[in-house]
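Per-entry structural report
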Amino acid sequence: MKKMLKMGITLVMAVSFLTGCGSGTQTADGSETVKETIADTKKTEAAADAEKTGNTEKTADAEKADTDTAQAGDKASGTEKASGESGNKDIKLGFVCMNLGNPWFVEVKKGFEDACKELGVTGMVVDSQYDVDKQVSDLESLINDNYNGIMISPIDQNATSALIDKAKEKNIAVSCVAQSQDNADMRYIVNEYEYGSIIGENAANWINENLKDLDKVKVAIISQDNVEAVIPRGDGVQETLEKMCPNVEIVSRQPGDTPEAGMKIIEGVLQQTPDLNVVAAVNDSGGIGGYQALSAAGFTGDDPVAVFSGDATDEALNAMKEEDTIYRGTVDLYPYRAGFESAKKLFEYVQNGRPAEQEDIFLKPVAVPLKDLLDGTYKK
């Protein structure tokens, strides 16, 4: 009986192959669902074996055939499970970044993208490249594309204010990160002056411990004065240094928030002030450039020279770990966390409605002097 049944099944399969090109169900890539036919064959054979032996429970072959059929069906309908919540793919969250040339924002981007993956939503990151006009255009594009939530790190909040209002009128949830957009639904921001003060305090503590006997400690500040909202950070650095170290002389304060700009600034300062002692940068990006310029000029850890900055990016922390380093401190704002939690907040607003009043979350600066990094006191 089993032999006759197998012959009948073979005939059915032959007919199926002949008629498949005209009416067979296809998978997402257009191939015939041969696996389903084979799986059905295995099930039928397994059932025949069970009937012959009087066993009414499924055999291992029958159970495997069920699994094969289910997997083939999932592939055919494109319903294989992906990471995140598959039902949220229609939700779109966008991040209009100030400048991805800044390592701090690279960490924000990573956090934002990881949260989008975890939530199962569509995420988009746009780099405005420190161009106000481009940022306005980038933001307008996301609004016109009906994104459900948008996070922005504004270069000039006055330039983007009207578009933020337009987004909210369309019930698009809006947040900002790092720099304030005062009319956003949620702000994940830092007190800029306080942040600068902690960078300055980090540098001042080292100066008072190591250079207190110098008549003049010459300091160059690499600021971010090209971004209006960040000017107070540079003020915090400068005023804290001048308050805590009476022998400090500020020999230069120039905006340069990329490694290339920071390096160019300090190369120029060294031509005028070869006995420069300290570079204090308002972010790691500029600080890394200053560090590169000083290292290229031959300064080592044995010299009365130091670089301090803020953001605790991997680049800065790795420079601090180098043997005989002059990179002696940074400040952590936990940018990855800022991007991750901001995306989660936007998703919450999309699901439950925008807040009636603006919500504020403040980044908390944590000083990272070199000794804390090396002895394990600081954990990233």
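Residues numbered from 1 in each chain as written. Predicted model: local features only at pLDDT ≥ 70, side-chain atom pairs only at ≥ 80, totals over all residues. Heavy atoms only, no water.

As recorded in an unreviewed UniProt entry, the chain goes by ABC transporter periplasmic-binding protein YphF and comes from Robinsoniella peoriensis. If you open the UniProt record of the chain and go to Sequence similarities (unreviewed entry), you find "Belongs to the bacterial solute-binding protein 2 family." According to the UniProt record, the Subcellular location (unreviewed entry) comment for the chain is "Cell envelope". (UniProt positions renumbered as here; feature names shortened; annotations may be inferred.)

Time to look at the pairing of strand β1 (residues 92–97). Burial runs high along β1: five of the six residues are buried. Across six bridges, the pairing between β1 and strand β2 (residues 122–127) is parallel. Along β2, the bridge assignment pairs Gly94 with Met124. Handedness of the crossover joining β1 and β2 through helix α4 (residues 103–119) is recorded here as right-handed. Where β1 meets strand β3 (residues 149–152), four bridges bridge the pair, whose relative direction is parallel. (Buried < 20%, exposed > 50% of the residue type's maximum accessible area, 1.4 Å probe, protein only. Helix = DSSP H or I, 4+ residues; strand = E, 2+ residues; numbered from the N terminus. Pairing = 2+ DSSP bridges. Right-handed = clockwise from strand over helix to strand, strands pointing away.)

With that out of the way, let us pick up the nonpolar core. Core analysis: the largest hydrophobic core is formed by 53 residues, its most contacted members being Phe95, Phe105, Phe112, Ile207, Val219 and Leu241. Taken domain by domain, the makeup of this core includes at least three residues from each of domain 1 (88–190 + 335–363) and domain 2 (192–332). Look past the residues within four positions of Ile207 in its chain and what remains in contact with it is Lys212, Val217, Leu241, Cys245, Asn247, Val248 and Val278. (Core = buried A, V, L, I, M, F, W, Y, C linked by side-chain atoms within 4.5 Å. Domains from an automatic or database assignment. Contact = heavy atoms within 4.5 Å.)

The strand order across the open sheet formed by six strands is β7-β6-β8-β9-β10-β12, and the pairing between neighbours is mixed. This sheet does not close on itself; its edge strands, each paired only once, are β7 (248–255) and β12 (366–369). Within the sheet, the average angular offset between the axes of one strand and its neighbour, ignoring direction, is 15°. With three bridges joining them, strand β8 (residues 278–281) and strand β9 (residues 306–308) adopt parallel strand pairing. Note on β9: the bridge partner recorded for Val279 is Val307. Helix α8 (residues 231–244) contacts β6 (217–223), β7 and β8 of the sheet and is inclined by roughly 170° relative to β7. (Axes fitted to C-alpha atoms, helices over the stretch in contact; angles between N-to-C directions.)

Using the criterion set out here, one finds five aromatic pairs in the structure. Ring centres 6.2 Å apart and planes at 55° place the aromatic pair Trp206 and Phe308 in the tilted group. On the criterion of sequence distance, the pair formed by Trp206 in helix α7 (residues 192–210) and Phe308 in strand β9 is long-range, its members being 102 residues apart. The pair Trp206 / Phe308 is uniform in exposure class, with both members buried. (Phe/Tyr/Trp six-rings, centres within 6.5 Å; stacked < 30°, edge-to-face > 60°.)

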